[in-house]
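Per-entry structural report
Single-letter residue listing:
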Amino acid sequence: MSLNQVQFSGKDILEKEFKTGMRGYNQEEVDEFLDKIIQDYDLLKQEIDRLQQENERLKKTSSDHTRTRSAQPAPQMNYDVLKRLSNLEKAVFGKKFADTENEG
């Protein structure tokens, strides 16, 4: 459902008058029910507005984040990580691997 398809506002509901018939509805019950509908309707409208604002904010944040990320240079290799990887290879593959690595 699009906001353009909404037919009634809270004010429209509040101001709606119904004709009474011989065996019509209890007017107080109808008024109380319509008051609750108006409250729910207004809450839903506020939530839609809040979500639209949040959506716009997230789109902007995402766009800014993408620009920032693409502008950053590629991260440099961490020497400590390479050294630990080398030590791990030595532990797993043994001294023979370390000797062939130093020759090449």
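Reading guide: rules and limits
Residues numbered from 1 in each chain as written. Predicted model: local features only at pLDDT ≥ 70, side-chain atom pairs only at ≥ 80, totals over all residues. Heavy atoms only, no water. Helix = DSSP H or I, 4+ residues; strand = E, 2+ residues; numbered from the N terminus. Buried < 20%, exposed > 50% of the residue type's maximum accessible area, 1.4 Å probe, protein only. Areas by Shrake-Rupley, 256 points an atom, 1.4 Å probe, with all protein chains shown as cover. Patch = residues over 30% accessible without salt bridge, like charges linked within 9 Å, V, L, I, M, F, W, Y side chains within 5 Å. Salt bridge = Lys/Arg side-chain N within 4 Å of Asp/Glu carboxyl O. pLDDT = per-residue confidence, 0-100. Lys, Arg positive; Asp, Glu negative; His and termini not counted. Charge placed at Lys NZ, Arg CZ, Asp CG, Glu CD. Expected span 1.5 Å × (residues − 1).

**Here's the deal with the overall build of the protein**
- Scanning the protein from terminus to terminus reveals four helices and zero strands.
- Start at the N end of the protein and walk to the C end: the helices and strands fall as α-α-α-α.
- Counting the 104 residues in the protein, one finds 6% classified as buried.
- Taken as a whole, the protein presents about 10,300 Å² of accessible surface, with 54% of it coming from carbon and sulfur.

**Comments concerning a nonpolar patch on the surface**
- On the surface, a nonpolar cluster with roughly 510 Å² of combined accessible area is contributed by Leu82, Leu85, Leu88, Val92 and Phe93.
- Mapped onto the elements, Phe93 comes out in helix α3 (residues 79-93).

**So, the pattern of salt bridges**
- Under the definition given, this model contains five salt bridges.
- A salt bridge links Glu15 to Lys11; the shortest N-O distance between them is 4.0 Å. Note that Glu15 and Lys11 are positioned in helix α1 (residues 10-15) at a spacing of four residues, about one turn of the helix.
- Take Lys11: its relative accessible area is 55%, and that puts it in the exposed class.
- A salt bridge links Asp49 to Lys45; the nearest nitrogen and oxygen atoms lie 3.0 Å apart. Here Asp49 and its partner Lys45 are both found in helix α2 (residues 27-71), four residues apart, which amounts to about one turn of the helix.
- Judged by relative accessible area, Asp49 falls into the partly exposed class, the value being 29%.
- Salt bridges here are not isolated pairs; linked through shared partners, they connect Glu47, Arg50 and Glu54.

**Focus on the confidence of the model for the protein**
- The pLDDT averaged across the protein works out to 79; a share of 76% of its residues lies at or above 70.
- α2 holds the highest mean pLDDT among the elements of the protein, 85, whereas helix α4 (residues 95-103) holds the lowest, 61.

**Things to note about a negative patch on the surface**
- On the surface, a cluster of negative charge is made up of Glu17, Glu28, Glu29, Asp31, Glu32 and Asp35.
- Tracing the backbone shows Glu32 in helix α2.

**Some words on α3**
- Here α3 contains 15 residues, and its C-alpha end-to-end distance of 21 Å stays within 8% of the 21 Å for a straight helix at 1.5 Å per residue.
- At the C-terminal side of α3, Gly94 shows a positive phi close to 90°.

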